[in-house]
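# A structural walkthrough
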Amino acid sequence: MTLDLLAQRAAPMLGIGWMELIVLAVIGLIAIVIVLVIVVRASSSAPPVGPVANCPVCHHAVSPWAAACPQCGHPFQQQR
Ligand SMILES: [Zn+2]
C-alpha cells in the first residue's frame, strides 16, 4: 500500500493533515519503544537461578536452598 493514498484518504476523514499524522506516528513509535524497554527490563530482571553450591562429598552442583544433596543424600546446613 502507498502511504500517500492512505494519507489522502485518512486525512480528510480524521480532519488532520500530514503533520498530525507524522506526530501521531512518532508518538506511537515512542510508546512502542517504551513498552519494549519495559518488557526487556522485566524479563532481564527475572530472578536468576541463584548461586549454586557444590556438595562437599560428591561435588554435585546443588541449590543452596536444598536440604540435602540429591546425588548422594549428604545433608546441608542452611548457611543463613
Ligand atoms: Zn553429594
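Residues numbered from 1 in each chain as written. Predicted model: local features only at pLDDT ≥ 70, side-chain atom pairs only at ≥ 80, totals over all residues.

Of regular secondary structure, the protein chain possesses 2 helices and 2 strands. For the protein chain, buried positions account for 2% of its 80 residues. (Helix = DSSP H or I, 4+ residues; strand = E, 2+ residues; numbered from the N terminus. Buried ≥ 20, exposed ≤ 12 C-beta atoms within 10 Å, placed from the backbone.)

Counting through the fold element by element, C58 comes out in the loop between β1 (53-54) and β2 (61-62). Looking at C58, the number of C-beta atoms within 10 Å reads 12, which means it is exposed. In sequence terms C58 and C72 are 14 residues apart; their C-alpha atoms lie 6.9 Å from each other. Setting aside chain neighbours within four positions, we find C58 in contact with C69, Q71 and C72. (Contact = placed C-beta atoms within 7 Å.)

This brings us to the confidence of the model for the protein chain. For the protein chain, the mean per-residue pLDDT works out to 81, and 79% of the residues sit at or above 70. The lowest-confidence element of the protein chain is helix α1 (residues 3-14), averaging 68 in pLDDT; the highest-confidence one is helix α2 (residues 18-44), averaging 91. (pLDDT = per-residue confidence, 0-100.)

What follows deals with the environment of G73. Its location among the elements puts G73 in the segment after β2. A count of 10 C-beta atoms within 10 Å places G73 in the exposed class. A sequence separation of 18 residues divides G73 from C55, and the C-alpha atoms of the two residues are 9.5 Å apart.

With that out of the way, let us pick up α2. Between its first and last C-alpha, α2 extends 38 Å over 27 residues, near the 39 Å set by a 1.5 Å rise per residue. The buried fraction of α2 is low, at 0 of 27 residues. (Expected span 1.5 Å × (residues − 1).)

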